[in-house]
Amino acid sequence: MKNLLGSGNPYIWLTAGMLTICLLMISGLTVLIMVNGFGIFWPRKIVQFTLLDGEVILGEIAKRESVPHQKDAYRTKVKVGNRDVYGMDFRWIDNADIVSQTYPVHALVFERREWGNLYGFLHGLRQNGGVKPLKPESMASLLGESHALYKKIRYIAKKEIGNINYRIEKTRLELKRLALLQPSEKIQKRVAEVKARMEHLEILYREKEDTLAGFYKKAMEKEVVVLLADGREKIVPVFQIIRISMPNEMGVFAKVGFYIAKFWEFIWGEPREANTEGGVFPAIFGTVMMVLIMSIAVVPLGVLTAVYLKEYAGDNFISRLVRISVSNLAGVPSIVFGVFGLGFFIYLFGGGIDKLFFSETLPTPTYGTGGILWASLTLSLLTVPVVVVATEEGLSAVPRAMREGSYALGATKIETLWKVVLPQATPGILTGTILAMARAAGEVAPLMITGVVKLAPSLPIDGYFPYIHLERKFMHLGFHIYDVGFQSPNVEAAIPMVYTTTLVLLFTVLILNLTAIVVRNKLKKWYNRGAL
Amino acid sequence: MKSKKRRKLADKTAYWVITLGGAATVVVVFALFFFIFLEVYPLLQGATVTKETTSALPGKAVLLGVDNHQEVAYAVYNDGTIAFLSLPDGGIVKKHQLTGLHRSSATHQDTTNIPSYSPDLQGGEETNSLKTKMQGNYLTSVSKDRHRLILGTNDGQILTVSINFSESFDNGKRTVSPEITEEGLILASPESCGIISAVSRRNEGTTVTVVHAANGRLILIASEVEQALFGAGDKNEIKKDITALVIPYSRDQSLLTYFRDKRTSPLSFLSEGKGGKSWPDTSTVSHPPIYATETEQTDKIEITALALDLFMENLYIGTSSGEIFHINVSDRNNPCLTEKIRVSDKAITALGFLLGDVSLVIGDAGGGVNVWMQVRNEGSPSVWLLRKVHTLASHGAPIVEIDTSQRDKGFVTAAADGTIHLNHATSEQTLLKFATGAQAFTLCLSPKADGILVADAKGRLRQWHLANPHPEATLKTLFGRVWYEGYEKPEFVWQSTGGTDDFEPKLSLIPLIFGTIKGTIYALIIAVPIGIFAALYTSQFLHNSLKIIKPVIEIMAALPSVILGFLAGLWLAPCMERIFPAIIVMPFFITLSIILALFCWKILPVFGKGWCRHGIEALFLIPFIIGAVYLSIRLGGIYESLFLDGDYREWFSNILGLPYDQRNALVVGVAMGFAVIPLIFTISEDAMSNVPNSLRSASLALGATPWQTAVRVVLPTASPGIFSAVMIGFGRAVGETMIVLMATGNTPIMDWNLFNGFRALSANIAVEIPEAPQGGTLYRVLFLAALLLFVTTFVVNTVAETVRQRMKLRYSKL
């Protein structure tokens, strides 16, 4: 034993254990997110429980666990849905209370635009006070009709009315601007013109509203009657239904198809019900756009600093100062950058821009409030060190011989740098940019105070001049996680969505990082060859 | 071919552009610091006078008031005139003669006993001239209850007048027009003797007025309008003489007859009144022995000041002997003396309530200004006693007037020598002192607390515009213990916003700093050993074919903290709550499993040969550690029932006195440890694997075992790198926002308990800054919090970076 301790082997094993714990933590976390994130769209069987007291419950099994402080007692968490009927999505039942557990073939899941899922059996179509029997198969055409209608309504509401609103807003601002000018006959004429245009627009707006109301009325005409597990009947307008499925009847292929459809909707769809359902497309779009703007800002600054440090600065006070600044930028908490962004970019800079160029909309701020531009600039300060470090690495990998060859041919320093060194260091710059993007994509705290919102009414890019709206607020995957997981009214029902969002974010960050590593390794090999 | 000149110029330009670009980083860091500092700086500034104007008043005013925007001021005169004047140009806008005063003058005529109204009737000659001018009755006392003026006359009447300012906008220009409503007359003193002072409060139909008449009587008048379904409802009025509660002996013998008539003795009167807050049972407060000490107190005590709170419950009476009588008038029929306390050696000359009507400002004849409030007595929680909570700078002369702000806990005091102080109670600071040079005056603080108006005896109205943006933030309130309203003792509290307008912001950063330190320490306790040991193993013992592990852990550093926070808050916290006993036994089982693995390695012949050489221990351990974790979860329940009485939460709170919260510091420690481990790992691994090989080879050649080499040679050589790794890890943990935001309850409590939450500086900024108005005190205090974080991490990072640079230099020399 003494020998064993003396050899130090147990201690080595202990340190190995620490590394193992690290590895297990990472893999555990990844597996946890993957299982929870990938799992949620897989159609689960609908179970019908009959309880001891005769109650019948229909739903999906969400979780099964042992009852604390009781031996061999288990309980089941059932997602019963029907939030508008039962008031809650989940129910705990003691396994001891279950009399029978069946999987009814005709049980249906109705995915609705509001109130979450509905579990039940299709009874029929409501018509003139009576109920006409309806087969689940014939629902498809009904749904097709209602989806077409939904698209039409959305087109009118978003595109046409949006367009009119945009023009009304412009006209209103023009009126305001005219009111600020010195009154003269010419201007008065102009005011009258603009007012006439405004009236015309308002008439148009009212017309569109009427059309919309008509469509809505039409949409609400068809209703299906659904039989709930406890025998109650629930009337659901077809228009409310997004999709119906019969998971107990599905084969593997049908399930895969369903899964893909759901995942597709998740990536490309818009969020519904306070972000707890639907998709995350606006958040993905916001994240990507923010990261792109950020990289436009960060790359020049980072590369200049790296070139300065590597090529121009000797070992003097300034270069040491720059080095310490870079390491400090990496170490300063992100929230401090956020605070700086709020005070400097938004209030000082944005407020100034508003006063100069957007005085007609004041006191409503245009640039003087959080927006995608300010958030991106804030993050670009935060990610400078990442670009600097990677670019420096790329620059040091450029062989000396290349530079010397260039100088020998009579090139100046900048010519050498521009034509020889920088092209060789491009992979390094690329690595840095990708790593900076990964860092920015995952950062949330500074964004929370510089322009991220839980639900942005419109994307930062749209069809109205000037097409790219840098002052707009945006959605972000990371903030989406925080908001849905911690601020939403129905956290329990939202958690699966949060896991999937987390998965998307995790994959984005991991893929960016892996790309960076691959690029870096390629670069190393490339130079090794080049040196030979 | 470009000319040589142009090429040279391009070279030169590039040099400057790149140098400036390089310096931009330095600029950014300095800009960060200076900009945040600039936003914090105004916090440290006191109040300043921005503008001083003087205008003429028609005569000598006894009371002043002003509208919200300091555009129209009013002055009340002894003869019952109220003059409104526009402050920008000094012209009289409106004049109003109180009709109530004249009506009463027809019925009463009693000028034999002219009481003196202290500030303005001291002016000898002028008083006489004023007297001769006056016809009929005149005002002898004035006081304010927000928009209501309570005017006492020389014939024992109380007039209440309410003054409102209505604003109208025309073409973006504001016009303020005053409205006066006379609300009627109360006959307060049946003997028609003048009124020395009167205070009144009104709330939804209930009015309570306390009058001190020239005959020495103190009379409580309460009227309640009962809301009826139809019509105006009944008016219920109670008139009560409460002199006996304060003064045992009155020069006016009619008082005694008053009591005799009522067939009650003052003593029984006292013993009855035990409603409301109960009697203090400490001996410090003596029962007022009304008649017992009559002989020694004869005609010494005189009522000098009155104050009634907004809730119409507490009446404070200041006397010439420096005592405060606290009378509970919540039961209008049986007001009772609840406390009598000596607050000063000198006579009390002025009383006033701070916003919220909890704290009482007391000014005495010696110029002392103190803030007192009722504090729950330690030991007997039902007893509330008056305690001195704040002391402000004193004046050199008796305090004549106190006016309190309607915005914050600020107030203005004026002394007889003409000095004016602007004070703030919470921060215990006198923000502004100035001398008016005039002796007799009346003053008012504007409703937004941004101006002081003073009328002096010569009929001048002087107005000072104030800039007093951050009175509540001083070094003391930010970092020291402060005695807040409703607290038993001075404490560190962070509570920046409250539900009511009269909320006292509590801006102590100490609980937040404490929270940050707590989270950081727990994170480092978890991260430092794991990070450093894993790095040691990776750099010294890990097989070369497994070096791929390093980038894996680097990727771990790239994990967004929002993911860690989400998992910590919504997965780890509930999970840990369920299996907590297993967490306690887990380290033990993991150690055991490592020892077990070691023996397996030794015993099984396969290992140690071929691919299974040393260097793959970390992989070999995986099943063992998973097994240990599984086993500890399975056995956690048994452990709980054996050692923790079956329920760990109760056991912790009963035996150790530690309540268990779901989102606690341990969860944060683990999650933040997760974020910090890769940082510490990468930097210290770099340092260790860069230790020159010659050193290691020498050590091994001398016969040291690999472990001895690692501990005695590699670790000491790499210690600066490890130090900087820990420092950088510390910096990261200090500033980490999302994890602490999501995985703690964000309650600003100061408690080292591992099982409850905390609120960190960073999370606090993230939560509160979106709601903080730009330029406000909270906004700047949050910037200060950011500055603290910046400075801390700046120092830590600079030290770490310098140490690392030195180490690199040393390695290159070896």
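Residues numbered from 1 in each chain as written. Chains lettered and ligands numbered in written order. Predicted model: local features only at pLDDT ≥ 70, side-chain atom pairs only at ≥ 80, totals over all residues.

(A) Structural view of the overall build of chain B. Helix and strand counts for chain B come out as 20 helices and 30 strands. In chain B, buried positions account for 47% of the 814 residues. Counting only contacts in chain B whose residues sit at least 6 apart along the sequence, the fraction spanning at least 24 positions is 63%. (Helix = DSSP H or I, 4+ residues; strand = E, 2+ residues; numbered from the N terminus. Buried ≥ 20, exposed ≤ 12 C-beta atoms within 10 Å, placed from the backbone. Contact = placed C-beta atoms within 7 Å.)

(B) The overall build of chain A, seen in detail. Helix and strand counts for chain A come out as 15 helices and 13 strands. In terms of overall size, chain A is more extended than a compact globule, its C-alpha atoms giving a radius of gyration of 31 Å where 532 residues would be expected to give roughly 24 Å. Put simply, chain A has 532 residues, and 37% of those count as buried. Look at the contacts in chain A between residues 6 or more apart in sequence, and 69% of them connect residues 24 or more apart. (Rg over C-alpha atoms; globule rule 2.2 N^0.38 Å.)

(C) Geometry of the sheet that holds strand 2 (residues 56-66) of chain A. Residue and element names in this part refer to chain A. Spatial strand order, 4-3-2-1-5: five strands in an open sheet with antiparallel pairing. Of all the strands in the sheet, the pair left with one neighbour each is strand 4 (90-94) and strand 5 (98-102). Averaged over all pairs of adjacent strands, the angle between strand axes in this sheet comes to 45°, irrespective of strand direction. Alignment of strand 3 (residues 74-79) against strand 4, held across five bridges, turns out to be antiparallel. Across the sheet, Lys77 pairs through a bridge with Trp92, a residue of strand 4. (Pairing = 2+ DSSP bridges. Axes fitted to C-alpha atoms, helices over the stretch in contact; angles between N-to-C directions.)

(D) Expanded view of the packing of helix 9 (residues 510-540) of chain B against helix 17 (residues 706-735) of chain B. All names here are of chain B. Interaxial distance between helix 9 and helix 17 falls to 9 Å at its minimum, and their mutual angle equals 145°. In this structure, the crossing between helix 9 and helix 17 has a hand that is right-handed. Residues Thr516, Gly519, Thr520, Ala523, Leu524, Ala527, Val528, Ile532, Leu536 and Gln540 of helix 9 touch helix 17, and the partners they reach there are Pro706, Ala710, Val714, Ile722, Val726, Gly729, Phe730, Ala733 and Val734. (Left-handed = near helix turned anticlockwise from the far one by under 90°.)

(E) A look at the domain arrangement of chain B. When cut into domains, chain B gives domain 1 (347-465) and domain 2 (510-813). Relative placement of domain 1 of chain B and domain 2 of chain B: their C-alpha centres are 54 Å apart. (Domains from an automatic or database assignment.)

(F) Expanded view of the domain arrangement of chain A. Per the domain assignment, the segments of chain A are domain 1 (47-126), domain 2 (127-223 + 236-245) and domain 3 (281-531). On a C-alpha basis, the centroid separation for the pair domain 2 of chain A and domain 3 of chain A is 39 Å.

(G) Spatial organisation of the interface of chain A and chain B. Between chain A and chain B, the residue contacts involve 77 residues of the former and 80 residues of the latter. The element best represented in the side of chain A that touches chain B is helix 2 (residues 9-39) of chain A, accounting for 20 residues. Taken together, the residues of the side of chain A that touches chain B break down into 56 nonpolar, 20 polar and one charged. (Nonpolar A, V, L, I, M, F, W, Y, C, P; charged D, E, K, R; others polar.)

(H) Local environment of the packing of helix 2 of chain A against helix 9 of chain B. Between helix 2 of chain A and helix 9 of chain B, whose axes approach to 8 Å, the crossing angle comes to 110°. What the angle tells us is that helix 2 of chain A and helix 9 of chain B run roughly perpendicular. Considering the relative orientation of helix 2 of chain A and helix 9 of chain B, their crossing is left-handed. Residues Ile12, Leu14, Thr15, Ala16, Met18, Leu19, Ile21 and Cys22 of chain A of helix 2 of chain A touch helix 9 of chain B, and the partners they reach there are Pro529, Ile530, Phe533, Ala534, Leu536, Tyr537 and Thr538 of chain B. Class assignment for the residues of the contact of helix 2 of chain A with helix 9 of chain B results in 13 nonpolar, two polar and no charged. (Parallel < 35°, antiparallel > 145°, perpendicular 65-115°, else oblique.)

(I) Structural view of the pairing of strand 25 (residues 429-435) of chain B. Residues and elements named next belong to chain B. In this structure, strand 24 (residues 419-424) lies alongside strand 25, joined through six bridges in antiparallel fashion. Paired with Thr419 across the two strands is Ala435, which belongs to strand 25. What sits between the antiparallel neighbours strand 24 and strand 25 is a turn of four residues, in which Glu428 has the positive phi angle 50°.

(J) Examining the confidence of the model for chain B more closely. Residues and elements named next belong to chain B. Per-chain confidence: chain B averages 79 in pLDDT, with 85% of residues scoring 70 or above. Least confident of the elements in chain B is helix 6 (residues 266-272), whose mean pLDDT is 34; most confident is helix 9, at 92. Across residues 103-134, where pLDDT falls below 50, the model places 44 contacts with residues more than four positions away in sequence or in other chains. Across residues 249-298, where pLDDT falls below 50, the model places 66 contacts with residues more than four positions away in sequence or in other chains. Across the whole predicted complex the pTM is 0.87, and at the interface the ipTM reaches 0.89. (pLDDT = per-residue confidence, 0-100.)

(K) Seen up close, unusual backbone geometry. Residues and elements named next belong to chain B. Despite not being glycine, Met312 shows a phi value in the positive range, around 60°. Among the structural elements, Met312 can be located in the loop between strand 14 (303-308) and strand 15 (314-319). By C-beta crowding, Met312 is classed as buried, having 21 other C-beta atoms within 10 Å. Positive phi, normally seen in glycine, also occurs at Ala449, with a value near 60°.

(L) Structural detail: helix 12 (residues 413-442) of chain A. Taking 1.5 Å of rise per residue, the 30 residues of helix 12 of chain A would be expected to cover 44 Å, yet its terminal C-alpha atoms sit only 38 Å apart, more than 12% below that figure. Along its length, helix 12 of chain A shows its largest kink, about 50°, at Leu422 of chain A, and proline Pro423 of chain A lies within four residues downstream of that point. (Expected span 1.5 Å × (residues − 1). Bend = angle between axes of the 7 residues up to and from the residue.)

(M) Broad picture of the environment of Asn165 of chain A. Residue and element names in this part refer to chain A. Here Asn165 shows up in helix 4 (residues 139-180). According to the C-beta neighbour criterion, Asn165 is partly exposed, with 13 such atoms within 10 Å. Once the C-alpha coordinates of Asn165 and Glu202 are considered, the two residues, 37 residues apart in sequence, prove to be 9.1 Å apart.

(N) Examining the pairing of strand 6 (residues 108-112) of chain A more closely. All names here are of chain A. Counting buried residues in strand 6 gives four out of five residues, a clear majority hidden from the surface. Of the strand pairs in this sheet, strand 6 and strand 7 (residues 118-127) are connected by three bridges, and their pairing is antiparallel. From the neighbouring strand, Val109 faces strand 7, where its bridge partner is Tyr119. Where strand 6 hands over to strand 7, the hairpin turn is made up of five residues, of which Trp115 adopts a positive phi near 70°.

(O) Up close: the sheet that holds strand 13 (residues 235-241) of chain B. All names here are of chain B. Judged by pairing direction, the sheet is antiparallel, and its four strands sit side by side in the order 10-11-12-13 without closing on themselves. Across the chains shown, the open sheet's two edge strands, defined by having one partner strand only, are strand 10 (195-203) and strand 13. Across this sheet, the average inter-strand angle for adjacent strands is 10°, counted without regard to direction. For strand 12 (residues 218-225) and strand 13, the ladder comprises seven bridges, and the chain directions are antiparallel. Bridge pairing links Ile221 to Lys239 in strand 13.

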